[in-house]
Amino acid sequence: MEVDLTQIAKLWLSTSIAVKQSLLEDHHLFEQIIFVSKTCAESCNAGHKILFAGNGGSAADAQHLAGEFVSRFNYDRPGLSAFALTVDTSVITAIGNDYGYERLFERQIQANAKKGDIFIGLSTSGNSSNIINALHQAKSMGIFTVGFTGKSGGQMNDLCDVCVKVPSNETPRIQECHITLGHIVCGLVEQLIFPKK
């Protein structure tokens, strides 16, 4: 029996749309996203930075979102200070070798972050050990923490100042929504700091 690839592709797309429709109808989620955006804008205005981290596809999302802050999102404006803790291979391999992969982001926060910065951790399960350890470190330093997770929030649900939970258990659908919500945060921060009609 021949597999109908078009139907499979349409099913995936319709599922993705359905999850995003659920986001659109979630008033609490919009309150969270607006609060996170305002907090990020205040931090950037005060000369602080936004730190992102994730693993695998979420590492790519961390880098993507940091790039939107530093370069531009919707229009030209001065760059905003943001870093992905996933990009320096020497730092990553040194920490992984000397301390273990689970301390990868914790160690970088301890070394490079300060109170007033913001840490945004992305984990579809909400249980990535290196993100969990980073959240503990950030909290101990008085750093505002944000989590982007899947439906349950996992351990991150109780560790983040704000845990934004995508209503899905499917990793691809969660990651699609993480980048969508991350784009919204980037756009709102840009609008708040550099207003444009």
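Residues numbered from 1 in each chain as written. Predicted model: local features only at pLDDT ≥ 70, side-chain atom pairs only at ≥ 80, totals over all residues. Heavy atoms only, no water.

## Regarding the nonpolar core
The condition is simple: To form a nonpolar core, buried Ala, Val, Leu, Ile, Met, Phe, Trp, Tyr and Cys residues must be joined to one another through side-chain atoms within 4.5 Å. Burial classes: relative accessible area under 20% of the type maximum marks a residue as buried, over 50% as exposed, and values in between as partly exposed (1.4 Å probe, protein chains only). Counting from the N terminus, the helices are the DSSP runs of H or I reaching at least four residues and the strands are the DSSP runs of E reaching at least two.
Counting 34 residues, the largest nonpolar core has Ile50, Phe52, Phe69, Ile120, Phe148, Leu181 and Val189 as the members making the most contacts within it. Residue contributions to this core peak at eight residues, all from helix H7 (residues 171-193). One finds Leu85, Ile95, Phe119 and Ile131 within the second-largest nonpolar core, a separate group that totals 20 residues.

## Here's the deal with helix H2 (residues 27-45)
Condition: A helix is expected to span 1.5 Å for every residue after the first. The contact rule is simple, with two residues in contact once any of their heavy atoms fall within 4.5 Å. Polar contact criterion, stated in full: a pair of N or O atoms within 3.5 Å, where within protein one must be able to donate a hydrogen and the other to accept it, and residues adjacent in sequence count only if both atoms are side-chain atoms.
Counted at 1.5 Å a residue, the expected span for H2 with its 19 residues is 27 Å, and the 27 Å between its end C-alpha atoms agrees. Among all positions in H2, only Leu29, Gln32, Ile33, Val36, Ser37, Thr39, Cys40, Ala41, Ser43 and Cys44 are buried. Contacts made by the buried residues of H2 are with helix H1 (5-24), strand S1 (50-53), strand S3 (118-122), strand S4 (144-149), strand S5 (162-165) and H7. Capping the start of H2, Asp26 holds a side-chain oxygen 3.1 Å from the backbone nitrogen of His28, two or three residues further along. Once H2 finishes, Gly47 follows within two positions and takes phi at roughly 85°, a positive value.

## Concerning the sheet that holds S4
Rules: The pairing criterion for strands is at least two bridges between them, as found by DSSP. The angle between two axes is taken between their N-to-C directions and runs from 0 to 180 degrees, where each axis is a line fitted to C-alpha atoms and a helix contributes only its stretch in contact.
Taken in spatial order, the five strands of this open sheet run S2-S1-S3-S4-S5, and their pairing is parallel. Edge positions in the sheet fall to strand S2 (82-84) and S5, since each of these pairs with one other strand and no more. Pairs of neighbouring strands in the sheet enclose a mean axial angle of 15°, with direction left out of account. Note that S4 and S5 share four bridges and pair parallel. Across the sheet, the residue bridging to Phe148 is Val164, located in S5.

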